[in-house]
Amino acid sequence: MTHPAPTAGVVDGREHQLPVRIYYEDTDFTGVVYHANYLRYLERGRSDFFRVIGISHTEMAKVDTAFALTRMEIDFKRAARVDDALLVRTTYDRVKGPRLFVSQRITRGDELIAQAVVEAVCITMDGRPRKPTAQMVAMLAPWFEAGA
């Protein structure tokens, strides 16, 4: 018997959408999602966006390329709880030199749970800033804001 691979989500327009189910392990003693877990969900959204459009973190490492976050601003709007079905919505807005600018939202149906503004920097494997490869920029270009 073969098992299907876990979903990496889908792209709708410019937005990547990744479904996330909340499990008991995601919550604190009150049954509300522990705040640090939202960082994990947002990371999965950014990473799976890359995966869906054909950018592999494994292949990036082979050409001495990785990403590090330099800024993240999160607004928590509502609490998520056990069994909630959330959607992590990610858009890559633009690239400027070594920096990528990302907007993210986590929703439960039409309800906004959290939103984030993220700045990532492309780095070498030893931590020095570098511009993303031309191939990576070309693969991301269709998803950037108009005129970015």
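Residues numbered from 1 in each chain as written. Predicted model: local features only at pLDDT ≥ 70, side-chain atom pairs only at ≥ 80, totals over all residues. Heavy atoms only, no water.

Q: Looking at this structure, I do not really get helix α1 (residues 35-53). What am I missing?
A: Because the α-helix completes a turn every 3.6 residues, residues three or four places apart line up on one side. Compared with an ideal rise of 1.5 Å per residue, which puts 19 residues at 27 Å, α1 spans 29 Å between its outermost C-alpha atoms and is within 8% of the ideal. By the burial criterion, the buried members of α1 are N37, Y38, Y41, L42, G45, R46, S47, D48, F49, F50 and I53. The positive-phi residue at the C-terminal boundary of α1 is G54, with phi of around 100°. (Helix = DSSP H or I, 4+ residues; strand = E, 2+ residues; numbered from the N terminus. Expected span 1.5 Å × (residues − 1). Buried < 20%, exposed > 50% of the residue type's maximum accessible area, 1.4 Å probe, protein only.)

Q: Even after reading the chapter, I still don't get the packing of aromatic side chains, so can you show me in this structure?
A: For any pair of aromatic rings, the description rests on two quantities: the centre-to-centre distance and the angle between the ring planes. Applying the stated criterion to the full structure yields 6 aromatic pairs. Taken together, the ring pairs in this structure connect F49, F50, F67, Y92 and W143 into an aromatic cluster. (Phe/Tyr/Trp six-rings, centres within 6.5 Å; stacked < 30°, edge-to-face > 60°.)

Q: Is there a simple way to think about the pattern of salt bridges in this case?
A: Where side chains of opposite charge bring their charged atoms close, a pairing between them can arise. Within this structure, the stated rule accounts for 12 salt bridges. Between R46 and E43 there is a salt bridge whose closest N-O contact spans 2.6 Å. Placement of the pair is R46 and E43 together in helix α1, with a separation of 3 residues, close to one helical turn. Overall, R46 belongs to the buried group, its relative accessible area being 6%. Put simply, R108 and E111 hold a salt bridge, and the shortest N to O gap is 2.7 Å. Take E111: its relative accessible area is 29%, and that puts it in the partly exposed class. (Salt bridge = Lys/Arg side-chain N within 4 Å of Asp/Glu carboxyl O.)

Q: Please clarify how the environment of P142 should be interpreted in this entry.
A: Assignment of secondary structure puts P142 in the segment after α3 (134-140). Judged by relative accessible area, which is 56%, P142 ranks as exposed. Counting along the chain gives 128 residues from P142 to R14, while the straight-line C-alpha distance between them is 7.9 Å.

Such coordinate-based values are descriptive only and should not be taken to indicate function.
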